[in-house]
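# Residue-level structural notes
Okay, here's what each chain looks like letter by letter:
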Amino acid sequence: MNPAIFHHIHWLAVLVAAIAYFALGAIWYSKVLFAKTWLALTKIDASDPNATKGMGVIMGASFVTILVACIGLAILAAYLNLGLFSQGLKLGTLTGICFGATAISNSYLFEKRATGLHFINGGYTLLGNIIAAVIICVWQ
């Protein structure tokens with residue numbers, strides 16, 4: 001890969017995309033959507049004080065991984081010369097399904113996790129990739 005591709009990345013778009021993806025997680029895993037089901041499937045007791053220990057580090061690390069994913073999306077968008085909403089939608093769907101959701105499901109299959117977790121976490125990854133890719137592509 002030619003490192004010059006980094007010169008074609010709109011870094012503010014990457015940051016906004018990462019923030020949007022991260023914010024989606026706040027909604028996705030809230031009581032409004034999937035918190036109750038996700039907690040039950042992961043067997044996490046939200047009333048246990050130990051359940052929230054280290055949450056700041058976890059959230060920070062989560063944001064970094066999302067930022068890395070958004071950088072990857074920006075590299076693909078720049079390399080493929082994508083700049084339309086529809087192209088971002090396609091890129092996000094492709095990467096969300098083919099890389100994100102399948103990687104999650106592959107791990108979950110071996111870990112024998114509940115099928116519902118595949119859909120909750122895979123759905124978040126898919127939608128997060130779509131939102132981020134649209135922001136990045138439209139902003140290119």
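Residues numbered from 1 in each chain as written. Predicted model: local features only at pLDDT ≥ 70, side-chain atom pairs only at ≥ 80, totals over all residues. Heavy atoms only, no water.

What follows covers the packing of aromatic side chains. One pass over the full model with this rule turns up six aromatic pairs. Summarising the aromatic geometry, the rings of Tyr21 and Tyr124 are spaced 5.4 Å apart at their centres and angled 70 degrees between planes, so their arrangement reads as edge-to-face. Of this pair, Tyr21 sits in helix H1 (residues 11-28) while Tyr124 sits in helix H5 (residues 115-139); the two residues are 103 residues apart in sequence, bridging distant segments of the chain. Here Tyr21 matches Tyr124 in class, with each residue buried. Taking 4.8 Å as the distance between ring centres and 50 degrees as the angle between the ring planes, the aromatic pair formed by Trp28 and Phe34 counts as tilted. Over the ring of Tyr108 we find Arg113; its NZ or CZ atom is 4.9 Å from the centre of that ring. (Phe/Tyr/Trp six-rings, centres within 6.5 Å; stacked < 30°, edge-to-face > 60°. Helix = DSSP H or I, 4+ residues; strand = E, 2+ residues; numbered from the N terminus. Buried < 20%, exposed > 50% of the residue type's maximum accessible area, 1.4 Å probe, protein only. Lys NZ or Arg CZ within 6 Å of the ring centre and 35° of its normal.)

Put simply, helix H4 (residues 85-111) and H5 touch, their axes get as near as 7 Å, and they point 150 degrees apart. On the basis of their axis angle, the class for H4 and H5 is roughly antiparallel. For the element pair H4 and H5, the recorded crossing hand is right-handed. A class-by-class count of the residues in the contact of H4 with H5 yields 15 nonpolar, 13 polar and no charged. (Axes fitted to C-alpha atoms, helices over the stretch in contact; angles between N-to-C directions. Parallel < 35°, antiparallel > 145°, perpendicular 65-115°, else oblique. Left-handed = near helix turned anticlockwise from the far one by under 90°. Nonpolar A, V, L, I, M, F, W, Y, C, P; charged D, E, K, R; others polar.)

Attention now goes to the nonpolar core. Note on soluble globular proteins: their nonpolar side chains tend to be buried together. Counting residues in each nonpolar core, the largest one holds 23 residues, and the members touching the most others are Cys70, Leu91 and Ile136. Those elements giving two or more residues to this core turn out to be H1, helix H3 (55-79) and H5. Non-local contacts of Cys70, meaning those with residues more than four positions away in its chain, are made with Val14, Ala17, Ala18, Tyr21, Ala132 and Ile136. (Core = buried A, V, L, I, M, F, W, Y, C linked by side-chain atoms within 4.5 Å. Contact = heavy atoms within 4.5 Å.)

A few words on the state of the cysteines. Where two cysteines share a covalent bond between their sulfur atoms, that bond is called a disulfide. Overall, the coordinates contain zero disulfides when judged by the stated rule. We note that Cys70 lacks a disulfide partner, and the nearest cysteine sulfur, in Cys137, lies 11 Å from it. For Cys70, a relative accessible area of 0% corresponds to the buried category. Unpaired in terms of disulfides, Cys98 finds its nearest cysteine sulfur in Cys137, a separation of 16 Å. Judged by its relative accessible area of 43%, Cys98 is partly exposed. (Disulfide = S-S within 2.5 Å.)

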